[in-house]
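# Per-entry structural report
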Amino acid sequence: MMAVTILGNNSALPAFDRHPTAQIVTLDEHLFLVDCGEGTQMQMAKYKIRRSKIQHIFISHLHGDHYFGLIGLLTSMGLLGRELDLHLYAPADLLTIINLQLKVADTLLPYPLHFHPLETGVLVENDKFRVTAFATSHRIPCWGFRFDQVKAPRKVNPEKAIQHEVPAIFYDRLKWGEDYRTKTGALIPNEWVTDPAPAPHSYAYSADTCYNESLIEAVKGVDLLYHETTYLKDLAERAAKRFHCTTHEAATIASKAKVGRLLIGHFSSKYEKLQQFEDEAREVFENTQLALEGTTYRILK
């Protein structure tokens, strides 16, 4: 299962009860935090996100609305007794900032924090998922992230599992293709008690950027694309000067990249109402939705 939960959908200034950028990507049993604007940990508490399950954090760039909530989250994890390793992928200068904040506060994190300077290419990969980074076109160095499910879990058939006396405690292992051996030594092949896995899912997060067709290759064919849409189409000139996108520009990227669905966010605090963003984007790419805070968008085929 792959899904995206929106914690913050606004741009630089919190406004109209909208918060700076942050979202949780769920991939089977894994949780990934993508960007961490001010107030992120409060949003996590509000929407019942378990901080202890996050092992990887991705920060797209060093504009404050994308990382000002990070040091609070890192120290809160320590205060809550975290011991598990935490991996942070971010622009190299963020490590200096974090170390300074911890130093002046005389704070030592009780868990291993592994810092990985961002660069284009594969960031983390195993037999279940792969996360890659790609450059966007913003005023300072900025990256987007693509999450690919390498291997989708098979579906356990409970009736067949019970019939063959496979205990429920083994079901998670069945999902990943293991056979089961009974107490008497009999082998129960995996395909006897499971159904085939669905096609792997994919999600791309395109962080702050002006319109740039070089992004098309990086996000091509994903099931769900999140693309910033800071302004409505009538402010295309302002968007370009500030290295941001409009509704039509984001939708054009989605259309040319042949993605399954488009999710738009990073709304300017200039706008109180958001429906026009969706309406305009759908003029170019019909399968578009607003990224609304507290909403989880499941990726289905």
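Structure report, in brief. (Residues numbered from 1 in each chain as written. Predicted model: local features only at pLDDT ≥ 70, side-chain atom pairs only at ≥ 80, totals over all residues. Heavy atoms only, no water.)

## Here we look at the sheet that holds strand β2 (residues 22-27)
The seven strands are arranged β6-β5-β4-β3-β2-β1-β18 in an open sheet whose pairing can be described as mixed. Only two strands of the sheet have a single neighbouring strand rather than two, namely β6 (113-117) and β18 (296-299). Pairs of neighbouring strands in the sheet enclose a mean axial angle of 20 degrees, with direction left out of account. Pairing of strand β4 (residues 54-58) with strand β5 (residues 86-90) involves three bridges; the strand directions are parallel. Across the sheet, His-56 pairs through a bridge with His-87, a residue of β5. With respect to the sheet, helix α2 (residues 70-79) is in contact with β3 (30-36), β4, β5 and β6, its orientation differing from that of β4 by roughly 165 degrees. (Pairing = 2+ DSSP bridges. Helix = DSSP H or I, 4+ residues; strand = E, 2+ residues; numbered from the N terminus. Axes fitted to C-alpha atoms, helices over the stretch in contact; angles between N-to-C directions. Contact = heavy atoms within 4.5 Å.)

## Observations regarding the sheet that holds strand β17 (residues 288-290)
A sheet is described by the order of its strands in space; here seven strands give the open sequence β7-β8-β9-β14-β15-β16-β17, paired in mixed fashion. Of all the strands in the sheet, the pair left with one neighbour each is β7 (121-125) and β17. Across this sheet, the average inter-strand angle for adjacent strands is 20 degrees, counted without regard to direction. Direction of pairing for strand β16 (residues 261-265) relative to β17: parallel, over a ladder of three bridges. Paired with Ile-264 across the two strands is Leu-290, which belongs to β17.

## Quick word on helix α9 (residues 247-256)
For α9, the full list of buried residues reads Thr-247, Ala-250, Ala-251, Ile-253 and Ala-254. Buried residues of α9, seen end-on, are gathered within an arc of 155 degrees and therefore sit on one face of the element. Along its buried surface, α9 packs onto α7 (215-219), β15 (224-228), β16 and α10 (275-282). (Buried < 20%, exposed > 50% of the residue type's maximum accessible area, 1.4 Å probe, protein only. Arc of directions from axis to C-beta.)

## Some remarks on the pattern of salt bridges
For the coordinates displayed, the defined rule picks out ten salt bridges. The closest approach of N and O atoms between Asp-148 and Arg-146, which form a salt bridge, is 2.9 Å. Its relative accessible area of 11% is what places Asp-148 among the buried residues. Close ionic contact of Asp-172 with Lys-175 constitutes a salt bridge, the shortest N to O distance being 3.6 Å. Of this pair, Asp-172 and Lys-175 both sit in helix α5 (residues 171-175), three residues apart, roughly one helical turn. (Salt bridge = Lys/Arg side-chain N within 4 Å of Asp/Glu carboxyl O.)

## Some words on the nonpolar core
With 28 residues, the main nonpolar core has Phe-58, Phe-145, Phe-147 and Tyr-203 as its most contacted residues. If we skip the residues at most four places from it in the chain, Phe-147 touches Met-2, Val-25, Phe-32, Val-34, Phe-58, Arg-130, Val-131, His-201, Ser-202 and Tyr-203. By size, the runner-up hydrophobic cluster in this structure holds 27 residues, among which are Leu-33, Met-44, Ala-90 and Tyr-111. (Core = buried A, V, L, I, M, F, W, Y, C linked by side-chain atoms within 4.5 Å.)

## A look at the environment of Val-150
With respect to the element layout, Val-150 can be found in the loop between β9 (143-149) and β10 (155-156). When its relative accessible area of 36% is taken as the criterion, Val-150 is described as partly exposed. Taking the C-alpha atoms as reference points, Val-150 and Leu-262, 112 residues apart in sequence, are found 22 Å from one another. Residue contacts for Val-150: discarding those within four places in its chain leaves Asn-126, Asp-127, Lys-128, Phe-129, Arg-130 and Pro-200.

## Things to note about the pairing of β5
Among the five residues that make up β5, four are buried, leaving the element largely enclosed by the rest of the structure. With α2 bridging β4 and the parallel β5, this β-α-β connection has right-handed handedness. Pairing of β5 with β6, which is carried by five bridges, proceeds in the parallel orientation. In the strand pairing of β6, His-87 is matched with His-114. Chirality of the crossover, the property in question, places the unit of β5, helix α3 (residues 93-104) and β6 among those that are right-handed. (Right-handed = clockwise from strand over helix to strand, strands pointing away.)

## Structural notes on unusual backbone geometry
A positive phi is found at Asp-35, a non-glycine position, where the angle reads about 65 degrees. With respect to the helices, strands and loops of the structure, Asp-35 is situated in strand β3. You will see that Glu-165, though not glycine, has its phi angle at about 60 degrees, which is positive. Of note, Glu-165 is situated in the loop between α4 (158-163) and α5.

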